[in-house]
Amino acid sequence: MAVWALGINHTTAPVDIRGRFAFALDKIAPTLQSLRSTISGVHSHAGVETAILSTCNRTEIYCAAQEPALDHTLRWLAQSGDLPAEALKNYTYTLQNDLAARHAFRVASGLDSMVLGEAQILGQMKNAVRAAEEAGSLGTTLNQLFQRSFAVAKKVRSATEIGAHSISMAAAAVRLAGQLFEDLTKIRVLFVGAGEMIELCATHFAAKQPAHITVANRTLERGEKLAAHFGASTMRLADLPDHLHEYDAIISCTASSLPIIGLGAVESALKKRKRRPIFMVDLAVPRDIEGEVKNLGDVYLYTVDDLAHVVKAGQEQRQAAVVQAETIIDAGVQRFMHWMDQRAPEGGAVPLIQQINAQADVWRALEIERAKKRLAKGEDMDAVLDALTRGLSQKILHGTMAELHAGDAQARAQTADMVSRLFLRSQRGGGNGHQSGL
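So, here is what we can say about the structure in this document. (Residues numbered from 1 in each chain as written. Predicted model: local features only at pLDDT ≥ 70, side-chain atom pairs only at ≥ 80, totals over all residues. Heavy atoms only, no water.)

Among the 5 residues that make up strand 10 (residues 299–303), 4 are buried, leaving the element largely enclosed by the rest of the structure. The pairing of strand 9 (residues 278–282) with strand 10 spans 5 bridges and is parallel. Bridging from a neighbouring strand, Asp282 pairs with Thr303 of strand 10. (Buried < 20%, exposed > 50% of the residue type's maximum accessible area, 1.4 Å probe, protein only. Helix = DSSP H or I, 4+ residues; strand = E, 2+ residues; numbered from the N terminus. Pairing = 2+ DSSP bridges.)

Now the structure itself:
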């Protein structure tokens, strides 16, 4: 199997370009299937593995197949963002095999982030892997790549001080607001959105005890849940234009594909404020606030890229930790490539047996971890065990069921015969139903 990664990030592409290639996690399943179909122009669809990591700072495609298909991957991404492939190529980076593994390990460990050592990316990667798994596009190779990247990131976090002195995007926003307003306890703050980044920002701003906090969200219930943590009020997004003038600081981060705060609304708010300044932070990719707003007088608008120089504080103190982290990553890459080598075809059935066992171990570990979390919450033992066994059964049978519906009639008949011999041996008189372990 070949492994490759293709991506754009905060060092290779500006925010407006990154915004063209942002993928919503809750809609990722059809996107992954589209990508697999494109790569299947080179490979068998069943042998193609895909995952997409999309955050405000990066969009990265990870793939595994018998042979790399970088050109197909680039053309697919270019088409999804309505940009010519040759133009997109100027903003992308491509990595294969050990270099792709090293990159994934560095991303998970926070070494490739705008905020060196930040921990949020690890959770975002886990969410991306979970989404790919649920979409049926995550096979053994990518599963191993990501599970090993998580293990490496955990070791980096525990064995080094990579996260020390780290300044988050949320903390940077507060710092910039403090440079504009003499006393943050006198300002009114509006948060647009109710996701993880907004929650982080709200936590940092709430610590400064501003005069008032409001959360505006498309789903009022979710906004109210977040607002309750900070004693804040809530607002519907539809009411935003009529109330912008009431706020001194506006921080926005939603999953909207189009700007939700336009130039006209901000101009109107400024007139009502009588030249009192507005501090605005747009942490969304694509943008939540129209870029032209930055040209207005008395508006101080910052995007994720504008915050880069602020979050670099403390870089020197972390260099020793970076060296330690790279050593841990090197060892992790070597172990992953050794695992890949063991799966080479020359080994006959042994690599396949090892692959099946490894995949079974990954599935088992995932279900056990989920079961432990549910038990810790006090859920009924029988219900947890039922969910565990159902989860394992679904994972084991997913690929088989997909193959039974794939191909022409002859291929399906051949698959059905093979599946019957593998899974229904006792009913066919081929044994007593007991299987020996691999």
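Now for the packing of helix 2 (residues 28–39) against helix 3 (residues 70–80). Put simply, helix 2 and helix 3 touch, their axes get as near as 9 Å, and they point 140° apart. It follows from the interaxial angle that helix 2 and helix 3 lie oblique. Note on packing geometry: the crossing formed by helix 2 with helix 3 is right-handed. Across the interface between the two elements, Thr31, Ser34, Leu35, Thr38 and Ile39 from helix 2 touch His72, Thr73 and Trp76 from helix 3. For the contact of helix 2 with helix 3, the residue count by class is 3 nonpolar, 5 polar and no charged. (Axes fitted to C-alpha atoms, helices over the stretch in contact; angles between N-to-C directions. Parallel < 35°, antiparallel > 145°, perpendicular 65-115°, else oblique. Left-handed = near helix turned anticlockwise from the far one by under 90°. Contact = heavy atoms within 4.5 Å. Nonpolar A, V, L, I, M, F, W, Y, C, P; charged D, E, K, R; others polar.)

It is worth spelling out the side chain of Thr141 at this point. Within the secondary structure layout, Thr141 lies in helix 7 (residues 140–159). Beyond its immediate chain neighbours, meaning those up to four positions away, Thr141 contacts Met1, Val3, Glu49, Ala64, Phe336, Trp339, Met340 and Arg343.

A contiguous nonpolar surface patch, about 600 Å² in accessible area, is contributed by Ile396, Leu397, Met401, Met418, Leu422, Phe423 and Leu424. Contributing elements (two or more residues each) for the nonpolar patch: helix 16 (381–404) and helix 17 (409–423). Checked against the element boundaries, Leu422 lands in helix 17. (Patch = residues over 30% accessible without salt bridge, like charges linked within 9 Å, V, L, I, M, F, W, Y side chains within 5 Å. Areas by Shrake-Rupley, 256 points an atom, 1.4 Å probe, with all protein chains shown as cover. Salt bridge = Lys/Arg side-chain N within 4 Å of Asp/Glu carboxyl O.)

Moving on: the pattern of salt bridges. Applying the stated criterion across every chain yields a total of 18 salt bridges. The salt bridge partner of Arg18 is Asp305, with a shortest N-O separation of 2.8 Å. A residue pair is termed long-range when its members are at least 10 positions apart, and Arg18 in helix 1 (residues 15–20) and Asp305 in the loop between strand 10 and helix 13 (308–311) qualify at 287 residues. Take Arg18: its relative accessible area is 2%, and that puts it in the buried class. Salt bridges sharing common partners tie together Arg58, Glu60, Arg106, Asp112 and Glu326.

The next point concerns the environment of Phe181. Residue placement: Phe181 occurs in the loop between helix 8 (169–180) and strand 5 (188–192). For Phe181, a relative accessible area of 12% corresponds to the buried category. As for Phe181 and Pro277, which are separated by 96 residues in sequence, their C-alpha atoms are 9.2 Å apart. Dropping the residues within four chain positions of it, Phe181 is found in contact with Ile187, Asp248, Pro277 and Phe279.

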